[in-house]
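Coordinate analysis (summary)
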Amino acid sequence: MSFLVALLLLLSLALCVLGVSVGSTGFENLIGPLLHPDIDPTATAMAQQIVVDIRLPRTLGAWAAGALLGLAGAVAQGLFRNPLADPYLLGSASGASLGVALTLAVLGGSGGMLAGANMMNGGEVSAFSGSLLVRLGLTGAAFCGAVLAVLLTLALSRGVQHTLRLLLAGVVVGVVLGAATQMLLLLSPDSLQAMQAFMLGSTAFIGWAACALMAGVWLLCVLAGGLLGRVLDGLSLGEATAHSLGLPLGSLRIALVAVLALATGTAVAQTGLIAFVGLAAPHLVRSVIKTTHGRLMLLASLMGGALLMAADTLARWLIAPQELPVGVLTAVLGGGYLLWLMRRNSAGFAGGAQ
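Quick notes on the rules
- Residues numbered from 1 in each chain as written.
- Predicted model: local features only at pLDDT ≥ 70, side-chain atom pairs only at ≥ 80, totals over all residues.
- Heavy atoms only, no water.
- Patch = residues over 30% accessible without salt bridge, like charges linked within 9 Å, V, L, I, M, F, W, Y side chains within 5 Å.
- Areas by Shrake-Rupley, 256 points an atom, 1.4 Å probe, with all protein chains shown as cover.
- Salt bridge = Lys/Arg side-chain N within 4 Å of Asp/Glu carboxyl O.
- Helix = DSSP H or I, 4+ residues; strand = E, 2+ residues; numbered from the N terminus.
- Phe/Tyr/Trp six-rings, centres within 6.5 Å; stacked < 30°, edge-to-face > 60°.
- Buried < 20%, exposed > 50% of the residue type's maximum accessible area, 1.4 Å probe, protein only.
- Contact = heavy atoms within 4.5 Å.
- Axes fitted to C-alpha atoms, helices over the stretch in contact; angles between N-to-C directions.
- Parallel < 35°, antiparallel > 145°, perpendicular 65-115°, else oblique.
- Left-handed = near helix turned anticlockwise from the far one by under 90°.
- 1 Å grid on protein atoms, 1.4 Å probe; cavity = no way out; pocket = protein on both sides within 12 Å on 5 of 7 lines; lining within 4 Å.
- Points joined across faces, edges and corners; volume = space filled by probe spheres on them.
- Nonpolar A, V, L, I, M, F, W, Y, C, P; charged D, E, K, R; others polar.
- Polar contact = N/O pair within 3.5 Å; in protein donor to acceptor, adjacent residues only side chain to side chain.

A contiguous nonpolar patch, built from L152, L156, V172 and V176 and spanning about 340 Å² of accessible area, is present on the exposed surface. Of all the elements in the fold, those that place two or more residues in the nonpolar patch are helix 6 (132–156) and helix 7 (163–187). Structurally, the position occupied by V176 is in helix 7.

This is the structure in structure tokens:
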């Protein structure tokens, strides 16, 4: 395990250096002013702003968001005992989308349209041109919507005693809130551009404050996950075995749902909806090492951070100076990985049957 942790940390460090070097402003246009600040102080100040205030927090924020989603994915798959479970199963994604849509409708779409345009255009300096209050409002609305959706799921499932009922309630809440979001967007067409940017996912607006928030939540969730890992190990052996171990499953399930909701809601609030990172990260870890759930949560979070950081860098590089929405890229790459995994498992099953 120690070797894999060190490898993922080194990979993340290398990706961080690469991420700081990639953007709509070419690295060759930044290195000169940074190395020779006396020649053009204005160009040097601009280069420092791009690197220190935009690219570095964005790259680190991508790692933090991916780490939260990877950890949440490991919790979800252990809690539901389903390798296809992802962090959005309790309706948090639909709740966050509805919260953002409501906020954009109240704002009349004006502040949101500016945010959406900057997010899609990939402008680096223009990323700060939107209103800070608008960004804080959208972030807070996304987080509150995600948490309220999870609470609604818990209310419909009458607690966490029955995993299947909890799963079905999450699906129902997701469908209903998703329909409400679409209806709201039909009534407020000015919000469509910004809402599209949120639905596709982006790290373009992550600043140092958001990095600090996600890092703090990640640390809290990792510590809680380490303490709750034994519960997931027991559940993987079945309900009866978990009860025989003397585990208070009711209260511990609530704690696991709280970790899942907090990690997912925090990441979604800062980056929008980014697919497949939370689903693929635990699978990638399991393909390398077999371990307990306590260690899996840490490794999956490190894997998720590296995955999203790599995807964000690739999204900025592929069609520079424009950029792809990182959520689209993770969906394409993640879907391709899962298709390959299904094909490999099917081939292995066929070979065993012979």
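On to the packing of aromatic side chains, then. Within this structure, the stated rule accounts for 1 aromatic pair. Relative to W218, the ring of W63 has its centre 5.5 Å away and its plane inclined at 75°; by these criteria the two rings are edge-to-face. Of this pair, W63 sits in helix 3 (residues 41–80) while W218 sits in helix 9 (residues 208–236); the two residues are 155 residues apart in sequence, bridging distant segments of the chain. Its relative accessible area of 16% is what places W63 among the buried residues.

Of note, R81 is a non-glycine position whose phi angle comes to about 50°, a positive value. Here R81 shows up in the loop between helix 3 and helix 4 (92–107). Residue classification places R81 among the partly exposed residues on the basis of a relative accessible area of 41%. Not every positive phi belongs to a glycine, and F276 is a case in point at roughly 75°. By the element assignment, F276 lies in the loop between helix 11 (249–271) and helix 12 (277–288). The exposure class assigned to F276 is partly exposed, which follows from its relative accessible area of 28%.

Time to look at the environment of M214. Along the chain, the position of M214 falls in helix 9. When the C-alpha positions of M214 and G61 are compared, they lie 7.5 Å apart, and in sequence the two are 153 residues distant.

Here we come to the side chain of R58. Locating R58 in the fold gives a position in helix 3. With residues up to four places along the chain from it excluded, the contact list for R58 reads T203, A204, I206, D312, R316 and E323.

Before going further, it helps to spend a moment on the packing of helix 9 against helix 13 (residues 293–317). At their nearest, the axes of helix 9 and helix 13 sit 6 Å apart, and the two run at 135° to each other. By the angle between their directions, the pair helix 9 and helix 13 is classed as oblique. The two elements helix 9 and helix 13 meet at a crossing, and its hand is right-handed. In this structure, helix 9 contributes W218, V222, G225, G229, L232, D233 and S236 to the contact, and helix 13 contributes H293, G294, M297, L298, S301 and L302.

Another point: the pattern of salt bridges. Summed over all chains, the structure comprises 3 salt bridges. Where D312 meets R316, a salt bridge forms, and the shortest distance between an N and an O atom there is 3.0 Å. Of the two residues, D312 and R316 are both situated in helix 13; the distance of 4 residues between them amounts to about one turn of the helix. Of the residues examined, D312 reaches a relative accessible area of 1% and is grouped as buried. A relative accessible area of 3% means that R316 is categorised as buried. Counted as one network, the salt bridges with shared partners bring together R58, D312, R316 and E323.

Take the layout of surface pockets next. Put simply, the second largest pocket is a space of about 210 Å³. The wall of the second largest pocket is formed by 13 residues, among which L307, A311, T330, L333 and G334 lie closest to the centre. At the level of elements, helix 12, helix 13 and helix 14 (326–353) are the ones that each hand at least two residues to the lining of the second largest pocket. Among the residues making up the lining of the second largest pocket, the classes are represented as 11 nonpolar, 2 polar and no charged.

This part covers the side chain of H293. Note on placement: H293 falls in helix 13. Side-chain polar atoms of H293 contact the side chain of D233, separated by 2.8 Å. In this view, H293 contacts G78, G229, L232, D233 and S236; residues no more than four positions away in its chain are not counted.

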